[in-house]
Amino acid sequence: METVIILAIIIVAYLMMAAKRIASLVSAFRLQSFLLFVYTLIEAIKQRNTELYIVALLLFVLKVVLIPSILAKIVRKIKVNENLGLFVNVQLSLIIGLGFTYCSWIFSRMVVPQQEPFMAIALTASFTVTLAGMFIMIFRMKALSQTVGLLVMENGIFLLGASIAGGMPFFVEIAIFMDVLISVIILNVFVHRINKLFTHIDAGKLNQLKG
Amino acid sequence: MRFLVIFIIPVILGLISLCVRRIKFLGLAHACGYLLLIIASAAIFFKTVFLHQGLGAFNFFFLDGLSAFFLAVIAMVGFSASLYSIGYIQADIDKGILSLRKSQLYYLLFDLFLLSMIMVVSVNNLGMLWVCIEMTTLVSAFLVGFYQTKESLEAAWKYIIVCSVGIILALLGTILFSYALSLAGGPKSLNWTEMIAYSQKLDKNILKIAFIFILVGYGTKAGLAPMHTWLPDAHSQAISPISALLSGVLLKTAVYAIIRFGMIVNQGLGSTSYFSHLLTVFGLVCLVIAAGFIIIQKDLKRLLAYSSIEHIGIICLGLGIGGGIACLGVLVHIFNHAAAKSLMFFGAGNIVKKYGQHNMRMIRGVVGSMPFTGIMFLLGTFALTGFPPFALFFSELLVIVAGFLKGAYIVTGLLLFFLALIFSAMIYHFNRMLFGHAPKGMPRTKEPLGAKAAFVILLAVISISGLSLAWIYKPAVLIAQQILKGI
Amino acid sequence: MRIFFICLQLVLAVLLAPLVSGMIARIKNNLRMRRGSPLLQPYYNLAKLFFKGEVVSRTASWIFRITPFILFASSAAALVLVPMVISASPAYYAGDILAIIFILALGRFFLSLAGLDAGSAFGGMGSSREMFISGIAEPAACIAVFSLMLNNASTSPELLGVTGYPHLGTICAVLCLFMITLAETSRLPVDNQETHLELTMIHEAMVLEYSGRSLAFIEMSSYIKQLFWFSLLSYLIFPVTVDISAGFAHIGSAAVLFLVKLIIFSGIVAIVEVSVAKMRLFRVVDYFGFAIILGIVATVANFIGL
Amino acid sequence: MNKIINNIHFLFDPLSLFFLAVIAVVSLPALIYAAGYLKNQFSRPRARYLNILTVLFIVSMSGVVTAGHLLVFLVAWELMSLISFFLVAFEYEHEQSIKASTIYIVMTHIGTAFIIAGFMLLYKYCGSFDMGTIRASAPAIPGNIRDLIFLFLLIGFGTKAGIVPLHLWLPYAHPQAPSHISSLMSGVMIKTAVYGIIRFVIYIIGVDTAWWAGIILVFAAVSCLVGVIYALMVQDIKKLLAYSSIENMGIILLGIGLAMLFMALKQPYLAVFSLVAGLFHLINHAVFKGLLFLCAGSVYKSVKTRDMEKMGGLIKVMPWTAAFFLLGAMAISGLPPLNGFVSEWMALQAFFMGAIKADSGMLKLLFGLGAAVLAFTGGLAAACFVKAFGISFLALPRSRQAQEAKEVCLSMRLGMGILAVLTVSLGIFAAFIVKPLAKIAGHVCSIDISDMSFSVNNFILSPQPMKGVYLSPALLGLVLLLFGSGAAVSYFIFGRSKARVYKTWDCGYYNMTSRNEYSATGFSKPFQVAFSFFLFPYRRTQKIRESAYHVKSFSYETHTIPVFKRYLYEPLLGLIVKTAGFMRRIQPGSIHLYIGYIMLAVFLLIIFMRKF
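Criteria and cut-off values
- Residues numbered from 1 in each chain as written.
- Chains lettered and ligands numbered in written order.
- Predicted model: local features only at pLDDT ≥ 70, side-chain atom pairs only at ≥ 80, totals over all residues.
- Heavy atoms only, no water.
- Core = buried A, V, L, I, M, F, W, Y, C linked by side-chain atoms within 4.5 Å.
- Buried < 20%, exposed > 50% of the residue type's maximum accessible area, 1.4 Å probe, protein only.
- Helix = DSSP H or I, 4+ residues; strand = E, 2+ residues; numbered from the N terminus.
- Contact = heavy atoms within 4.5 Å.
- Buried area = accessible area lost by both parts, 1.4 Å probe.
- Salt bridge = Lys/Arg side-chain N within 4 Å of Asp/Glu carboxyl O.
- Phe/Tyr/Trp six-rings, centres within 6.5 Å; stacked < 30°, edge-to-face > 60°.
- Polar contact = N/O pair within 3.5 Å; in protein donor to acceptor, adjacent residues only side chain to side chain.
- pLDDT = per-residue confidence, 0-100.
- Axes fitted to C-alpha atoms, helices over the stretch in contact; angles between N-to-C directions.
- Parallel < 35°, antiparallel > 145°, perpendicular 65-115°, else oblique.
- Nonpolar A, V, L, I, M, F, W, Y, C, P; charged D, E, K, R; others polar.
- Patch = residues over 30% accessible without salt bridge, like charges linked within 9 Å, V, L, I, M, F, W, Y side chains within 5 Å.
- Areas by Shrake-Rupley, 256 points an atom, 1.4 Å probe, with all protein chains shown as cover.
- Lys, Arg positive; Asp, Glu negative; His and termini not counted.
- Charge placed at Lys NZ, Arg CZ, Asp CG, Glu CD.

1. Comments concerning the nonpolar core
Then step 1. Core analysis: the biggest nonpolar cluster contains 673 residues, and B:Phe382, B:Phe430 and C:Phe288 have the highest contact counts within it.
Then step 2. The element contributing the most residues to this core is helix H11 (residues 268-303) of chain D, with 24 residues.
Then step 3. Beyond its immediate chain neighbours, meaning those up to four positions away, B:Phe382 contacts B:Phe387, B:Phe390, B:Phe423, B:Ile427, D:Leu82, D:Phe85, D:Phe86 and D:Ile105.

Structural data, given as structure tokens:
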């Protein structure tokens, strides 16, 4: 059952790499967070420890409801044109996505000892999502895409954390969630300032500081 | 339990800066507060190193020799930055650049920044270590982007994005470490003390890969070479006391994290070769890039930022070479580089404020127009590039001695070459800037008392610790070995 | 007793010096089929100059005044150290052949300063060229002395010459020294004594400002220097010196032999002067280059044992 | 490992005492001189600051020569460079002093990097930083490491000594410092480099390979020639003295190179004799170069310029300074009664004796050529100092300042006087001074000198292997004095007719002005043409015409190309700056590239993980 959800997460990651508009990017992120919530819920049921329930709930509140709404509010407020400004067109991005998955698969074979097949799949999925997040940050023009890229990388790592048998200590999870929330808020503050000062949020044009 | 005072001081100062309106009083309060912090950190250092007691509380905080040392560094630079910012902020307010409310925000962020750094060095749980470092990035982002200019905003944006990407990779490494711990059947918690206890039983392969992620992640925060790109932008655009804190201390806290994980890896793999090769490579790449950029640099603060990268490179080389002497060299280098670099940034702050621009080609005759800052800046340059009366010469010498003893001739030869190259580039730039005729009609300025005190204290610190090294050398090597156990 | 004979020999040599250059002038005029001035003309010049009034330039300083005496002193000191007739004079404790080279340099140093002192273009040009030529002559002299020194491992003037069959080493060395002598005594290929044409005169240009009694002393010292060089060369070719105790007959014959040697040398110099035209100043570098090569040949020949 | 700093001590063996004496001999007059020199040259606080720096400079130099421990030596060495940097950059308003101080501190720092490398190798193979233990365990160092250490130390100390390829800073740094400081730097500081070579190469490591000495001799000979040729070409009086310091350092190193050669060839007497020649020339040069720089300082103080083309006729307005400069010039060109002559004579004798004792013919010829080079530099030095003294002191003043120049105050003259007396007495009592120098040389080369004799009595020097060779500067001085006074007496007693004072001969029709005099460039023109293969002289003449027929004025411009600067240092610098410029593209400002770097770093590390 978990492997199906993990595959779904990987597919949503490809979806994000293929997104041309900010709105579709945010909604794909919301979907991926929801799948992650389901995955943690299953994990919590299997291990029956109350902490994971709270973590799943927090994940749902934060990543499925709160953060995407903040992002959507920003997109509406900035009224910037929709498209993301791709450096790399969609087809090539998808091919690169496949490449990422293949590399992650080799990498996780290197890392995980033989006797843990499920762990290898979980590791591959989390690396793929992390690399996808990085890809979005590198090859998309808009500053907002960089924020979302960060959050996607965060999702990938959270998937890895959840799939480890014990998971991470409870209050560390809470601290990381609080941290993600604060960073999203601060990033939005800065996106607002960039929009106010530069009248565009095109990260590519922010290159005055050279040498 | 008494060591919790190191957290209470910044918190109280933060609260004061929220409600008190008079800036003069606020500045003085901060100065006294951080003086207390210095005393506290000295007491803690004495207790942990000489009485060999690891301080711990609620299984959350853990202070051993290493963290006490870094705490002392944070306290020293924090104190001098607060001394310097009294005059600096006052001048900005008089000139109307900063409103009263903005300067209150400045002091609040200043305290939050120091609090997060103190947390980094004293927290036991590796996950919490990650969170605290992420907090330092977020808080200092506002300080970098404090003046609402285009460049500082761009610098702040790059600072957040690049560091966050790096930090997330570090989180990935931390999780891999905890995965290795769970494979070895250890307790669920990410505490460093348990991790060290179980280090022999951890899976070698996972350790190696996890350490790569840690090194790249925290290396971005430490400004190691390929990931250093945010550093020149952030340091040159931030306010001077903050850029002193950034390059004096923030980079060191990231190095602290790397050392923490390095200890686990060294004990886990049984040999230090993996850790030392990685760090030597990064150290050399740092030196190459720093040398390249310093030679053709036009901007004063960016040059100081690249010199921070160079010194981080030297620290990594020292860690890479390893052994008792190199450890002492690294620790002395960390302490004195923090002092020397903040001295230089304070000087640069005064110069940039007086001449109104960063471009070194246009600044002339600083010794003529600002005699005190000029001479202090020149002495700082000699301190930074390693000249005898100052401690950096002795620390670099210790690293070189260790390098030769270990037989790493090529590495030490390259280190000597780059040190000389960077020295010549810096002297070339600063000589043209400091000497010569001051521009006409520029009155001689008198620096505020706080700034002068900061300069004198820092210079005293560098020279005393340098000269005293000759006498306390033998016990110092034993202490250094005890502090950096694993390396 | 020995001191008395040494002083006598010195006084006689000083008196003899002008005669040598008179002889050279005489032989040159005969070769050129001219009547020329009488043999004792140099003495007449000296006497005339000695009692003539002296004109000193306003711009000149005390250096201009003391240079004649220093020049005379250095030439005389050089003469004392060279073996002429009587051997083993106590003056040899003062210095050896190297010291002589430096003593001559002292005289030349002050003469150049005096040339510059008067402030006229001629003097400056003369001293610049003089220092140029002597600067380049130094290594040649050093190599020649080096090769001679190898014979019996000593640079004392008396032990330089090798008695018996003069082998190739010594001949080359003497040839090299002969070339230097021509330059030092301002003889034709390098410098022209008789003319006052700015382009060609070197020694004369420095002395242009002098008149009266100072000029007499300067002329006298150049004659002494010339005698020094001739006696040095003649000693190297045919080293014969007599000890005091050998009695008057031997001393007389040695003195006569010395005079004959001087006459031969004056003849050689006169022939060279007549048959050679003055070289351009910068050819002097090649001139002394050749002298150095001669010196090197002498050194190699010496330790091969030719 | 923990023996690093346990016995920091200072050693006072004969070598260190000798160098302390040299420091004292030059710095005492310099300090006396400074009292007058700074009177109205700088403001009160700056003069006090300069005095403090001078005292610190002297203390650091004496620290260098008495350090018994490698690290203490290194600290004192770097302190010396640091303080002399501040002294060179003292008049920081002028543009050249910025350039000079930058070049100076950069080159000395690079030199120190080499010294550090050499010391570290010594420490690795001898286990301790203390010179005594290192000397004891020096033979154990393997052959190729010994050569490496020698090369590092040679480059390190060579940069400070000003040996030719590394001499670039010397003509820039010395003229910029205040005159009594440049006399200290030229007189003593570059000697500390010679101390370094003697102490570490001869005393501690010990010399047993001949090619070491070969390298030093070649470099020394080249330094001699290049130093004196450039000294001839230069118009700035202090730059001229700086270049002549390079030449004299060459002579000193010739002596020391010969000593090393004879130690390798197992000739104890010759080794001691040539080391004595080197050390004697060292103290002589310290004294007369100090004197010359002080005189140049007084000229600079009263004429406010260092360019010889603007001086002239100073002997009439500054008689004392002129007399002292003349004495210094005579000493440095090696004229008989003075000390320069004795040390050059001893160096030449060292070459000659080497040739006698040498077995292979080729070696004899090399000794001969060495002697020829030494004589050649002696001749050219004489020409250079005739120019220096003649152009700046004699004939008519060429500028208004030169006309209005006044003699300097008493304390400056006292400083110069002390050095002048020393110059003369060092010359006269040479044999007396050679005895202690022989003891020092014996101690350094660890050769027993009890059976060696260097002088017959206190006044006559006579090297043993040379039969019948004696030199007594005192006797020579006496003979010269005798003949000179004889001539003077005969000049005056014969009815002295008063010499009429009239203007210089001017071909009868126009009166002479200072423009007719020979200029410094004119004086060195023959040398410029003779050495054009090395100097590449550049010359441009231009007729400025009012109309097709009338030439209003004629402009003539000439300069020589600084070979080492143009063809060695500038290409090197250009290469470094170009590569640095190339690296500039790493930081183009695009944030996407920066994140790409992080990703790249991760990938590369994972791929090459096996290697670490």
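2. Some thoughts on the arrangement of the chains
Then step 1. No other pair among the four pairs of chains in contact exceeds the contact count of chains C and D.
Then step 2. With respect to C-alpha atoms, chain A approaches chain C no nearer than 55 Å, and the pair has no contact.
Then step 3. The smallest C-alpha distance separating chain B from chain C is 40 Å, and no contact links them.

3. Section: the interface of chain A and chain D
Then step 1. Listed by partner, the interface residues are 18 residues for chain A and 15 residues for chain D.
Then step 2. On the chain A side of the contact with chain D, A:Met134, A:Ile138 and A:Gly211 bury the most area, a combined 36% of that side's loss.
Then step 3. Our count for the contact surface shared by chain A and chain D stands at zero salt bridges.
Then step 4. Within the residue set of the side of chain A that touches chain D, elements represented by two or more residues are helix H4 (90-111) and helix H5 (117-139) of chain A.
Then step 5. When residues of the side of chain A that touches chain D are assigned to their parent elements, the largest contribution, four residues, is made by H5(A).

4. Observations concerning unusual backbone geometry
Most peptide bonds take the trans configuration, and most residues that are not glycine carry a negative phi.
Then step 1. One non-glycine residue, C:Ser186, adopts positive backbone phi at about 45 degrees.
Then step 2. By the secondary structure assignment, C:Ser186 is in the loop between helix H7 (168-184) and helix H8 (203-207).
Then step 3. Note on C:Ser186: relative accessible area 5%, which makes it buried.
Then step 4. Within the chain, D:Ser446 stands out as a residue other than glycine whose phi angle is a positive 45 degrees.
Then step 5. Relative to the helices and strands, D:Ser446 resides in the loop between helix H18 (430-444) and strand E1 (455-457).

5. Section: the packing of aromatic side chains
Then step 1. Applying the stated criterion across every chain, the model contains 99 aromatic pairs over all chains.
Then step 2. Their ring planes at 80 degrees and their centres at 5.4 Å tell us that C:Phe69 and D:Tyr491 sit as a pair that is edge-to-face. Residue C:Phe69 is found in helix H3 (residues 62-81), and its partner D:Tyr491 is found in helix H19 (residues 473-493); the two belong to separate chains. D:Tyr491 matches C:Phe69 in its accessibility class, with the two residues each being buried.
Then step 3. An aromatic cluster of three or more residues is present, and its members are B:Phe45, B:Phe46, B:Phe50, B:Phe69, B:Phe70, B:Tyr256 and B:Phe335.

6. Details of the interface of chain C and chain D
Many analyses report the size of an interface as the accessible area lost when the parts associate.
Then step 1. In this assembly, 78 residues from chain C lie in contact with 79 residues from chain D.
Then step 2. Taken over both partners, the interface formed by chain C and chain D buries close to 6,700 Å², and the fraction arising from carbon and sulfur atoms is 78%.
Then step 3. Three residues stand out in chain C for area buried against chain D, namely C:Tyr93, C:Phe102 and C:Phe109, and they jointly supply 10% of the buried area on that side.
Then step 4. Applying the counting criterion to the chain C and chain D interface returns zero salt bridges.
Then step 5. Here chain C is connected to chain D by 17 residue pairs in polar contact (both at pLDDT 80 or more).

7. A short note on the confidence of the model for chain D
Do not read the fine detail of predicted coordinates wherever pLDDT is low.
Then step 1. Averaged over chain D, the pLDDT score is 89; the fraction of residues at 70 or greater is 98%.
Then step 2. Here the prediction assigns the complex a pTM of 0.91, and the interface score ipTM is 0.89.

8. Brief notes about the packing of helix H1 (residues 2-31) of chain C against helix H2 (residues 41-50) of chain C
Residues and elements named next belong to chain C.
Then step 1. For the pair H1 and H2, interaxial distance at closest approach is 7 Å and the crossing angle is 125 degrees. Relative to H2, the element H1 lies oblique. Together, Leu15, Leu16, Pro18, Leu19, Ser21 and Gly22 of H1 and Pro42, Tyr43 and Leu46 of H2 make up the contact between the two elements.
Then step 2. Residues of the contact of H1 with H2, tallied by class, amount to seven nonpolar, two polar and no charged.

9. So, a positive patch on the surface
Then step 1. Residues A:Lys73, A:Arg76, A:Lys77 and A:Lys79 make up a contiguous surface patch of positive charge.
Then step 2. Within the element layout of this structure, A:Arg76 appears in helix H3 (residues 50-78).

10. A word on the pattern of salt bridges
Then step 1. Under the defined criterion, the tally for this structure stands at 23 salt bridges over all chains.
Then step 2. One salt bridge in this structure joins A:Lys46 and A:Glu2, with 3.4 Å as the shortest N-O distance. Here the residue A:Lys46 occupies a position in helix H2 (residues 22-47), and A:Glu2 occupies one in helix H1 (residues 2-18), the gap between them amounting to 44 residues.
Then step 3. Taking relative accessible area as the criterion, A:Glu2 reaches 11% and is therefore assigned buried.
Then step 4. A salt bridge links C:Glu184 to C:Lys225; the shortest N-O distance between them is 3.9 Å. Here C:Glu184 is found in helix H7, whereas its partner C:Lys225 is found in helix H9 (residues 212-237), with 41 residues between them in sequence.
Then step 5. The buried category is assigned to C:Glu184, whose relative accessible area is 12%.
Then step 6. On the basis of relative accessible area, C:Lys225 is assigned to the buried category, the value being 16%.

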